[in-house]
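Here is how the chains run, residue by residue.
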Amino acid sequence: MTAQGPQTASNADVPRRNWAGNVRYAAKAFHRPTSVDDLRRLVAGSPRIRAVGSGHSFNRFGDTDGDLVSLAGLPPVVEVDHERRQVTVSGALRYGDVAQQLHTQGYALANLASLPHISVAGAVATATHGSGQTHGNLASAVAGLELVTADGDLLRVDRDTDTFAGMVVGLGALGVVTRVTLDIVPTFAVRQYVRLDLDRAALDEALGSAYSVSVFTDFRSPRLREVWRKQVADQAPPSADWLGTTAADQPRHPVLGMPAENSTPQLGEPGPWHERLPHFKLGFTPSSGDELQSEYHVARSAAADALAALDDVADLIAPVLLVSELRTVAADELWLSPNYRRDSFVLHFTWVEDTAAVLPVVAAVEERLAPFAPRPHWGKVFVTDPAEMSTRYPKYADFTTLLTNLDPTGKFRTDLLNHYFPRPLSG
(Lines give C-alpha, C1' and ligand atoms only; values in the text may rest on other atoms or scores of the structure.)
Protein backbone atom coordinates (compact mmCIF):
# COMPACT_ATOMS: atom_id res chain seq x y z
CA MET A 1 0.00 0.00 0.00
CA THR A 2 1.10 3.55 -0.55
CA ALA A 3 1.66 5.59 2.56
CA GLN A 4 -0.96 8.32 2.55
CA GLY A 5 -2.13 10.44 5.44
CA PRO A 6 -4.97 8.54 7.16
CA GLN A 7 -8.29 10.18 7.87
CA THR A 8 -8.81 10.01 11.63
CA ALA A 9 -11.42 11.17 14.07
CA SER A 10 -10.60 13.47 16.94
CA ASN A 11 -7.74 12.12 19.00
CA ALA A 12 -9.20 13.44 22.24
CA ASP A 13 -10.47 9.96 23.20
CA VAL A 14 -7.16 8.13 22.73
CA PRO A 15 -5.74 7.17 26.13
CA ARG A 16 -2.56 9.01 27.15
CA ARG A 17 -1.85 6.67 30.06
CA ASN A 18 -2.77 3.17 31.18
CA TRP A 19 -5.76 2.30 33.36
CA ALA A 20 -3.72 2.27 36.58
CA GLY A 21 -1.95 5.53 35.78
CA ASN A 22 1.53 4.13 36.43
CA VAL A 23 2.44 4.34 32.73
CA ARG A 24 2.17 7.58 30.77
CA TYR A 25 2.52 6.72 27.09
CA ALA A 26 5.57 8.19 25.37
CA ALA A 27 4.02 8.25 21.88
CA LYS A 28 4.76 11.23 19.67
CA ALA A 29 1.25 11.10 18.16
CA PHE A 30 -2.13 9.57 19.00
CA HIS A 31 -4.61 8.30 16.40
CA ARG A 32 -8.19 7.05 16.29
CA PRO A 33 -8.95 5.87 12.74
CA THR A 34 -12.56 5.36 11.74
CA SER A 35 -12.06 2.62 9.13
CA VAL A 36 -9.79 -0.36 8.58
CA ASP A 37 -8.46 1.23 5.37
CA ASP A 38 -7.42 4.32 7.35
CA LEU A 39 -5.75 2.05 9.88
CA ARG A 40 -3.88 0.21 7.12
CA ARG A 41 -2.56 3.48 5.67
CA LEU A 42 -1.53 4.63 9.14
CA VAL A 43 0.37 1.43 9.88
CA ALA A 44 2.03 1.33 6.46
CA GLY A 45 3.27 4.90 6.82
CA SER A 46 4.52 4.75 10.39
CA PRO A 47 8.03 3.64 11.36
CA ARG A 48 6.91 2.79 14.94
CA ILE A 49 3.35 2.09 16.01
CA ARG A 50 1.36 0.26 18.67
CA ALA A 51 -2.33 -0.29 19.34
CA VAL A 52 -3.90 0.46 22.72
CA GLY A 53 -7.13 -1.10 23.97
CA SER A 54 -8.65 -0.57 27.39
CA GLY A 55 -5.17 0.16 28.82
CA HIS A 56 -5.58 -2.50 31.48
CA SER A 57 -1.90 -3.36 31.48
CA PHE A 58 0.54 -2.45 34.22
CA ASN A 59 3.83 -2.40 32.33
CA ARG A 60 5.37 -0.86 29.20
CA PHE A 61 4.97 -3.68 26.68
CA GLY A 62 2.53 -1.45 24.80
CA ASP A 63 4.39 1.84 25.22
CA THR A 64 5.94 3.21 22.03
CA ASP A 65 7.89 6.34 21.16
CA GLY A 66 6.15 6.37 17.77
CA ASP A 67 2.42 6.39 16.98
CA LEU A 68 -0.22 5.06 19.37
CA VAL A 69 -3.50 4.01 17.82
CA SER A 70 -6.88 3.27 19.38
CA LEU A 71 -9.32 1.10 17.44
CA ALA A 72 -12.32 2.39 19.36
CA GLY A 73 -13.36 4.46 16.33
CA LEU A 74 -13.73 1.45 14.02
CA PRO A 75 -17.27 0.18 13.36
CA PRO A 76 -18.30 -2.32 16.07
CA VAL A 77 -18.88 -5.85 14.81
CA VAL A 78 -20.52 -8.83 16.55
CA GLU A 79 -21.28 -11.49 13.93
CA VAL A 80 -22.53 -14.90 15.12
CA ASP A 81 -21.91 -17.97 12.97
CA HIS A 82 -24.62 -20.33 14.24
CA GLU A 83 -23.36 -23.32 12.25
CA ARG A 84 -19.79 -23.11 13.54
CA ARG A 85 -20.82 -21.84 16.97
CA GLN A 86 -18.40 -18.95 16.70
CA VAL A 87 -18.62 -15.19 16.92
CA THR A 88 -16.43 -12.64 15.13
CA VAL A 89 -16.03 -9.36 16.99
CA SER A 90 -14.13 -6.11 16.64
CA GLY A 91 -10.91 -6.33 18.62
CA ALA A 92 -11.56 -3.06 20.43
CA LEU A 93 -14.89 -4.17 21.89
CA ARG A 94 -15.04 -4.89 25.60
CA TYR A 95 -15.86 -8.40 26.73
CA GLY A 96 -18.82 -7.06 28.68
CA ASP A 97 -20.37 -5.52 25.57
CA VAL A 98 -19.82 -8.66 23.50
CA ALA A 99 -21.26 -10.83 26.27
CA GLN A 100 -24.51 -8.90 26.44
CA GLN A 101 -25.07 -9.26 22.71
CA LEU A 102 -24.21 -12.95 22.75
CA HIS A 103 -26.59 -13.64 25.62
CA THR A 104 -29.52 -12.04 23.80
CA GLN A 105 -28.88 -14.50 20.93
CA GLY A 106 -28.72 -17.52 23.25
CA TYR A 107 -24.95 -17.90 23.43
CA ALA A 108 -22.12 -17.51 25.90
CA LEU A 109 -18.35 -17.56 26.16
CA ALA A 110 -17.02 -20.43 28.25
CA ASN A 111 -15.06 -18.10 30.51
CA LEU A 112 -14.60 -14.45 31.41
CA ALA A 113 -11.96 -12.52 33.31
CA SER A 114 -12.50 -10.85 36.69
CA LEU A 115 -13.57 -7.63 35.02
CA PRO A 116 -15.60 -7.32 31.81
CA HIS A 117 -14.16 -3.87 31.02
CA ILE A 118 -11.14 -5.18 29.07
CA SER A 119 -10.92 -5.21 25.27
CA VAL A 120 -11.05 -8.54 23.45
CA ALA A 121 -7.85 -8.04 21.43
CA GLY A 122 -5.85 -6.78 24.41
CA ALA A 123 -6.96 -9.58 26.73
CA VAL A 124 -6.24 -12.24 24.14
CA ALA A 125 -2.79 -10.81 23.33
CA THR A 126 -1.68 -11.23 26.96
CA ALA A 127 -3.50 -14.51 27.73
CA THR A 128 -5.75 -12.90 30.33
CA HIS A 129 -8.06 -15.36 32.01
CA GLY A 130 -10.78 -16.16 34.48
CA SER A 131 -10.78 -19.18 36.75
CA GLY A 132 -11.81 -22.82 36.57
CA GLN A 133 -9.61 -25.87 36.40
CA THR A 134 -11.36 -27.15 33.26
CA HIS A 135 -11.36 -23.77 31.49
CA GLY A 136 -8.55 -22.31 29.43
CA ASN A 137 -7.65 -18.64 29.38
CA LEU A 138 -9.56 -16.27 27.09
CA ALA A 139 -7.06 -16.72 24.26
CA SER A 140 -7.73 -20.46 24.13
CA ALA A 141 -11.23 -19.68 22.74
CA VAL A 142 -9.76 -17.85 19.72
CA ALA A 143 -10.54 -19.56 16.41
CA GLY A 144 -9.33 -16.81 14.10
CA LEU A 145 -7.63 -13.42 13.88
CA GLU A 146 -7.65 -10.53 11.44
CA LEU A 147 -4.71 -8.17 11.75
CA VAL A 148 -2.97 -5.36 9.92
CA THR A 149 0.66 -6.34 9.40
CA ALA A 150 3.72 -4.10 9.27
CA ASP A 151 3.37 -3.34 5.56
CA GLY A 152 -0.29 -2.39 5.92
CA ASP A 153 -1.68 -5.64 4.54
CA LEU A 154 -4.73 -7.29 6.07
CA LEU A 155 -3.90 -10.82 7.20
CA ARG A 156 -6.46 -13.44 8.27
CA VAL A 157 -5.36 -16.56 10.13
CA ASP A 158 -7.20 -19.45 11.77
CA ARG A 159 -6.45 -22.75 13.47
CA ASP A 160 -5.35 -24.26 10.15
CA THR A 161 -2.52 -21.69 9.88
CA ASP A 162 0.85 -23.24 10.79
CA THR A 163 1.88 -20.41 13.12
CA PHE A 164 -1.58 -19.75 14.57
CA ALA A 165 -0.63 -21.00 18.04
CA GLY A 166 2.19 -18.47 18.06
CA MET A 167 0.09 -15.55 16.87
CA VAL A 168 -2.85 -15.58 19.29
CA VAL A 169 -0.92 -14.50 22.40
CA GLY A 170 1.13 -12.06 20.36
CA LEU A 171 1.74 -9.22 22.86
CA GLY A 172 0.65 -6.75 20.18
CA ALA A 173 3.97 -7.36 18.47
CA LEU A 174 2.84 -9.08 15.28
CA GLY A 175 0.36 -6.52 13.97
CA VAL A 176 -2.76 -4.56 14.90
CA VAL A 177 -5.60 -7.00 15.57
CA THR A 178 -8.85 -5.68 14.09
CA ARG A 179 -11.15 -8.70 14.51
CA VAL A 180 -11.17 -11.85 16.64
CA THR A 181 -13.22 -15.01 16.10
CA LEU A 182 -14.18 -16.83 19.30
CA ASP A 183 -15.75 -20.18 20.11
CA ILE A 184 -19.14 -19.88 21.82
CA VAL A 185 -21.42 -22.21 23.80
CA PRO A 186 -25.14 -22.11 24.67
CA THR A 187 -25.97 -19.49 27.27
CA PHE A 188 -26.24 -20.66 30.87
CA ALA A 189 -27.10 -19.39 34.34
CA VAL A 190 -24.75 -19.16 37.31
CA ARG A 191 -25.15 -18.75 41.07
CA GLN A 192 -22.39 -17.15 43.13
CA TYR A 193 -21.73 -18.01 46.76
CA VAL A 194 -19.08 -16.43 48.98
CA ARG A 195 -17.69 -18.56 51.80
CA LEU A 196 -15.46 -17.29 54.60
CA ASP A 197 -12.34 -18.54 56.41
CA LEU A 198 -11.02 -21.53 54.47
CA ASP A 199 -8.32 -23.76 55.89
CA ARG A 200 -5.35 -24.04 53.51
CA ALA A 201 -5.57 -27.82 53.66
CA ALA A 202 -8.91 -27.57 51.84
CA LEU A 203 -7.66 -25.24 49.08
CA ASP A 204 -7.33 -27.92 46.41
CA GLU A 205 -10.84 -29.25 47.01
CA ALA A 206 -12.28 -25.74 47.03
CA LEU A 207 -10.66 -24.79 43.72
CA GLY A 208 -12.21 -27.81 42.01
CA SER A 209 -15.64 -27.52 43.58
CA ALA A 210 -17.51 -25.41 41.01
CA TYR A 211 -17.50 -24.03 37.47
CA SER A 212 -15.26 -21.10 38.46
CA VAL A 213 -13.62 -20.56 41.84
CA SER A 214 -11.47 -17.74 43.23
CA VAL A 215 -9.91 -17.73 46.68
CA PHE A 216 -8.90 -14.44 48.30
CA THR A 217 -6.26 -13.96 50.99
CA ASP A 218 -4.26 -11.12 52.52
CA PHE A 219 -1.15 -12.99 53.77
CA ARG A 220 -1.87 -11.78 57.29
CA SER A 221 -3.20 -15.16 58.39
CA PRO A 222 -2.47 -18.77 57.41
CA ARG A 223 -6.18 -19.18 56.69
CA LEU A 224 -7.74 -17.99 53.44
CA ARG A 225 -10.22 -15.14 53.82
CA GLU A 226 -12.86 -15.82 51.15
CA VAL A 227 -13.90 -18.34 48.51
CA TRP A 228 -15.95 -16.98 45.59
CA ARG A 229 -17.71 -20.06 44.26
CA LYS A 230 -19.41 -19.57 40.88
CA GLN A 231 -21.47 -22.63 40.05
CA VAL A 232 -23.90 -23.52 37.29
CA ALA A 233 -27.40 -22.74 38.52
CA ASP A 234 -28.61 -26.33 38.83
CA GLN A 235 -25.68 -27.49 40.96
CA ALA A 236 -26.58 -28.04 44.61
CA PRO A 237 -25.54 -25.10 46.83
CA PRO A 238 -22.68 -25.61 49.28
CA SER A 239 -23.72 -27.16 52.57
CA ALA A 240 -23.94 -25.02 55.69
CA ASP A 241 -20.57 -26.35 56.94
CA TRP A 242 -18.92 -26.64 53.50
CA LEU A 243 -15.18 -27.37 54.00
CA GLY A 244 -15.40 -25.86 57.48
CA THR A 245 -16.26 -22.40 56.17
CA THR A 246 -19.17 -20.10 56.96
CA ALA A 247 -21.47 -18.39 54.48
CA ALA A 248 -21.19 -14.66 53.87
CA ASP A 249 -24.47 -13.11 55.01
CA GLN A 250 -24.19 -10.05 52.76
CA PRO A 251 -22.52 -9.19 49.42
CA ARG A 252 -18.77 -8.62 49.52
CA HIS A 253 -16.06 -6.87 47.49
CA PRO A 254 -12.68 -8.61 47.07
CA VAL A 255 -10.86 -5.50 48.33
CA LEU A 256 -11.78 -4.63 51.90
CA GLY A 257 -13.32 -1.19 52.21
CA MET A 258 -14.58 -1.04 48.62
CA PRO A 259 -18.36 -0.92 48.01
CA ALA A 260 -20.02 -4.30 47.50
CA GLU A 261 -22.36 -2.75 44.92
CA ASN A 262 -19.42 -2.77 42.48
CA SER A 263 -19.34 -6.57 42.64
CA THR A 264 -21.48 -9.07 40.77
CA PRO A 265 -24.52 -10.49 42.66
CA GLN A 266 -23.87 -13.12 45.30
CA LEU A 267 -25.85 -15.00 48.00
CA GLY A 268 -26.86 -17.66 45.46
CA GLU A 269 -29.03 -15.36 43.35
CA PRO A 270 -29.16 -16.93 39.86
CA GLY A 271 -28.25 -14.84 36.84
CA PRO A 272 -26.78 -15.05 33.33
CA TRP A 273 -23.18 -16.18 32.96
CA HIS A 274 -21.83 -12.74 32.05
CA GLU A 275 -23.27 -11.19 35.22
CA ARG A 276 -21.70 -13.78 37.56
CA LEU A 277 -18.40 -15.05 36.13
CA PRO A 278 -16.66 -11.64 36.47
CA HIS A 279 -16.15 -10.28 39.97
CA PHE A 280 -17.13 -6.74 38.95
CA LYS A 281 -20.10 -5.18 37.19
CA LEU A 282 -19.51 -3.57 33.81
CA GLY A 283 -20.95 -0.20 34.79
CA PHE A 284 -18.88 0.17 37.96
CA THR A 285 -15.22 0.74 38.87
CA PRO A 286 -13.45 -2.64 38.80
CA SER A 287 -11.17 -3.74 41.64
CA SER A 288 -9.91 -0.72 43.63
CA GLY A 289 -8.95 1.49 40.67
CA ASP A 290 -5.77 2.86 42.26
CA GLU A 291 -3.51 -0.17 42.26
CA LEU A 292 -0.74 -2.21 40.65
CA GLN A 293 -0.97 -5.91 39.84
CA SER A 294 1.35 -8.91 39.51
CA GLU A 295 0.49 -12.50 38.71
CA TYR A 296 2.34 -15.80 38.45
CA HIS A 297 1.32 -19.15 36.96
CA VAL A 298 2.88 -22.36 38.31
CA ALA A 299 1.99 -26.00 37.76
CA ARG A 300 -1.42 -26.90 39.22
CA SER A 301 0.21 -29.75 41.17
CA ALA A 302 2.50 -27.27 42.94
CA ALA A 303 -0.31 -25.15 44.41
CA ALA A 304 0.19 -25.96 48.08
CA ASP A 305 4.00 -25.82 47.92
CA ALA A 306 4.07 -22.56 45.98
CA LEU A 307 1.71 -20.88 48.42
CA ALA A 308 3.70 -22.17 51.39
CA ALA A 309 6.92 -20.85 49.81
CA LEU A 310 5.60 -17.32 50.24
CA ASP A 311 5.13 -17.66 53.99
CA ASP A 312 8.72 -16.52 54.58
CA VAL A 313 8.00 -13.20 52.83
CA ALA A 314 4.43 -12.72 54.06
CA ASP A 315 5.62 -9.89 56.32
CA LEU A 316 6.89 -8.09 53.18
CA ILE A 317 3.79 -8.83 51.10
CA ALA A 318 1.06 -7.83 53.54
CA PRO A 319 1.92 -4.11 54.01
CA VAL A 320 1.76 -3.35 50.27
CA LEU A 321 -1.05 -5.77 49.37
CA LEU A 322 -4.70 -4.90 48.80
CA VAL A 323 -5.70 -8.51 48.14
CA SER A 324 -4.31 -11.71 46.64
CA GLU A 325 -6.40 -14.02 44.48
CA LEU A 326 -5.73 -17.72 43.92
CA ARG A 327 -7.16 -19.39 40.80
CA THR A 328 -6.75 -22.27 38.35
CA VAL A 329 -6.50 -22.31 34.54
CA ALA A 330 -6.43 -25.29 32.18
CA ALA A 331 -3.53 -26.04 29.85
CA ASP A 332 -3.48 -24.91 26.21
CA GLU A 333 -1.22 -25.02 23.13
CA LEU A 334 -0.56 -21.28 22.65
CA TRP A 335 3.16 -20.56 22.52
CA LEU A 336 3.34 -17.58 24.88
CA SER A 337 0.45 -18.56 27.11
CA PRO A 338 1.47 -18.93 30.78
CA ASN A 339 -0.66 -22.08 30.61
CA TYR A 340 1.20 -23.62 27.67
CA ARG A 341 0.91 -27.39 28.12
CA ARG A 342 0.55 -26.95 31.89
CA ASP A 343 -2.56 -26.90 34.05
CA SER A 344 -1.90 -23.88 36.23
CA PHE A 345 -2.31 -22.57 39.73
CA VAL A 346 -2.35 -18.78 39.62
CA LEU A 347 -1.18 -16.41 42.36
CA HIS A 348 -2.46 -12.91 41.68
CA PHE A 349 -1.45 -9.84 43.70
CA THR A 350 -3.28 -6.52 43.74
CA TRP A 351 -0.80 -4.05 45.22
CA VAL A 352 -1.06 -0.53 46.52
CA GLU A 353 -0.27 2.16 43.95
CA ASP A 354 3.36 2.70 44.98
CA THR A 355 5.86 1.36 42.46
CA ALA A 356 8.92 2.06 44.63
CA ALA A 357 7.45 0.11 47.53
CA VAL A 358 6.05 -2.72 45.42
CA LEU A 359 8.99 -3.62 43.16
CA PRO A 360 11.26 -4.99 45.95
CA VAL A 361 8.37 -7.15 47.14
CA VAL A 362 7.75 -8.40 43.60
CA ALA A 363 11.42 -9.41 43.44
CA ALA A 364 11.10 -11.25 46.77
CA VAL A 365 7.98 -13.07 45.58
CA GLU A 366 9.70 -14.13 42.36
CA GLU A 367 12.72 -15.39 44.28
CA ARG A 368 10.54 -17.57 46.51
CA LEU A 369 8.54 -18.91 43.57
CA ALA A 370 11.61 -19.55 41.37
CA PRO A 371 11.79 -23.32 42.14
CA PHE A 372 8.33 -23.66 40.57
CA ALA A 373 9.28 -22.03 37.22
CA PRO A 374 6.59 -19.35 37.44
CA ARG A 375 5.35 -17.71 34.26
CA PRO A 376 4.28 -14.10 34.90
CA HIS A 377 1.21 -12.60 33.29
CA TRP A 378 2.50 -10.54 30.36
CA GLY A 379 0.36 -7.52 31.24
CA LYS A 380 1.32 -7.21 34.92
CA VAL A 381 4.29 -5.98 36.93
CA PHE A 382 7.19 -8.43 37.01
CA VAL A 383 10.99 -8.31 37.10
CA THR A 384 11.90 -11.77 35.78
CA ASP A 385 15.28 -11.96 34.04
CA PRO A 386 14.91 -12.42 30.25
CA ALA A 387 17.27 -15.39 30.20
CA GLU A 388 15.20 -17.09 32.87
CA MET A 389 11.96 -16.25 31.12
CA SER A 390 13.13 -17.87 27.89
CA THR A 391 13.62 -21.21 29.70
CA ARG A 392 10.02 -21.25 30.90
CA TYR A 393 8.47 -21.19 27.43
CA PRO A 394 9.45 -24.11 25.16
CA LYS A 395 8.40 -22.11 22.08
CA TYR A 396 10.22 -18.92 23.06
CA ALA A 397 12.73 -19.13 20.21
CA ASP A 398 9.98 -19.96 17.74
CA PHE A 399 8.05 -16.85 18.74
CA THR A 400 11.19 -14.73 18.32
CA THR A 401 11.55 -16.09 14.77
CA LEU A 402 7.89 -15.44 14.04
CA LEU A 403 8.23 -11.91 15.38
CA THR A 404 11.22 -11.23 13.11
CA ASN A 405 9.48 -12.67 10.06
CA LEU A 406 6.28 -10.67 10.48
CA ASP A 407 7.91 -7.43 11.64
CA PRO A 408 11.43 -7.36 10.16
CA THR A 409 11.94 -3.62 10.74
CA GLY A 410 10.67 -3.65 14.34
CA LYS A 411 7.67 -1.42 13.65
CA PHE A 412 5.64 -2.91 16.52
CA ARG A 413 8.56 -3.34 18.91
CA THR A 414 8.89 -1.47 22.21
CA ASP A 415 11.74 -1.16 24.66
CA LEU A 416 10.28 -3.75 27.04
CA LEU A 417 9.56 -6.12 24.18
CA ASN A 418 13.17 -5.79 23.02
CA HIS A 419 14.28 -6.52 26.59
CA TYR A 420 12.53 -9.90 26.55
CA PHE A 421 12.77 -10.68 22.82
CA PRO A 422 16.00 -9.08 21.52
CA ARG A 423 16.22 -8.48 17.80
CA PRO A 424 18.62 -10.94 16.10
CA LEU A 425 21.95 -9.51 15.09
CA SER A 426 22.04 -8.81 11.34
CA GLY A 427 24.62 -10.22 9.02
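Attention here is on the structure that accompanies the text. Bear in mind that the values here come from a model prediction, so they are computed numbers and not experimental data. (Residues numbered from 1 in each chain as written. Predicted model: local features only at pLDDT ≥ 70, side-chain atom pairs only at ≥ 80, totals over all residues. Heavy atoms only, no water.)

So, the nonpolar core
As a rule of thumb, nonpolar side chains are buried together in soluble globular proteins.
Thinking step 1. Counting residues in each nonpolar core, the largest one holds 99 residues, and the members touching the most others are Trp273, Ile317, Leu347, Phe349, Trp351, Trp378 and Phe421.
Thinking step 2. Counting residues per element, this core draws most heavily on helix H8 (residues 355-369), which supplies six residues.
Thinking step 3. When neighbours within four sequence positions are excluded, Phe349 is seen to be in contact with Phe219, Leu292, Gln293, Ser294, Tyr296, Leu310, Ile317, Leu321, Val323, Ser324 and Val365.
Thinking step 4. The next biggest cluster of nonpolar side chains, apart from the first, holds 11 residues, and it includes Leu42, Val148, Val176 and Phe412. (Core = buried A, V, L, I, M, F, W, Y, C linked by side-chain atoms within 4.5 Å. Buried < 20%, exposed > 50% of the residue type's maximum accessible area, 1.4 Å probe, protein only. Helix = DSSP H or I, 4+ residues; strand = E, 2+ residues; numbered from the N terminus. Contact = heavy atoms within 4.5 Å.)

Details of the sheet that holds strand S7 (residues 142-148)
The pairing of strands in a sheet comes from backbone hydrogen bonds and takes either a parallel or an antiparallel form.
Thinking step 1. One open sheet holds the five strands; their spatial order is S4-S5-S9-S7-S8, and the pairing between them is antiparallel. With partners counted over all chains shown, the strands left at the sheet margins are strand S4 (78-81) and strand S8 (154-158), one partner each. Strand after strand, the sheet turns through a mean of 15 degrees between neighbouring axes, direction not considered.
Thinking step 2. As defined by bridge partners, strand S5 (residues 86-90) adjoins strand S9 (residues 176-183) across five bridges and the pair is classed as antiparallel. Residue pairing for S9: Val89 is matched across the bridge by Val180. (Pairing = 2+ DSSP bridges. Axes fitted to C-alpha atoms, helices over the stretch in contact; angles between N-to-C directions.)

Concerning the sheet that holds strand S2 (residues 49-52)
Thinking step 1. An order of S1-S3-S2 is seen for the three strands of this open sheet, with the pairing classed as parallel. A strand with exactly one partner marks an edge of an open sheet, and here the two such strands are strand S1 (29-31) and S2. Across the sheet, the mean angle from the axis of one strand to that of its neighbour is 25 degrees, orientation sign disregarded.

Topic: helix H10 (residues 396-406)
Thinking step 1. If you check which residues of H10 are buried, you get Tyr396, Phe399, Thr400, Leu402 and Leu403. One face of H10 carries all of its buried residues, which in axial projection span an arc of 165 degrees. Exposed residues pointing more than 90 degrees away from the buried face of H10 are listed as Ala397 and Asn405. (Arc of directions from axis to C-beta.)

Topic: the environment of Val194
Thinking step 1. The residue Val194 is located in strand S11 (residues 189-198) in this model.
Thinking step 2. The class of Val194 is buried, set by a relative accessible area of 5%.
Thinking step 3. Along the primary structure Val194 and Thr404 are separated by 210 residues, whereas in three dimensions their C-alpha atoms are 47 Å apart.
Thinking step 4. Every residue in contact with Val194, bar those within four places of it in the chain, is listed here: Glu226, Val227, Trp228, Thr246, Ala247, Ala248, Arg252 and Gln266.

What about the pattern of salt bridges?
Thinking step 1. On inspection of all chains with the given rule, the structure shows 22 salt bridges.
Thinking step 2. In this structure, Arg84 engages Asp81 in a salt bridge whose closest nitrogen and oxygen atoms are separated by 3.7 Å.
Thinking step 3. Judged by its relative accessible area of 60%, Arg84 is exposed.
Thinking step 4. Two residues, Arg94 and Asp97, come together in a salt bridge whose shortest N-O distance is 2.9 Å.
Thinking step 5. For Arg94, a relative accessible area of 30% corresponds to the partly exposed category.
Thinking step 6. The exposure class assigned to Asp97 is partly exposed, which follows from its relative accessible area of 24%.
Thinking step 7. The network of salt bridges with shared partners includes Asp197, Asp199 and Arg223. (Salt bridge = Lys/Arg side-chain N within 4 Å of Asp/Glu carboxyl O.)

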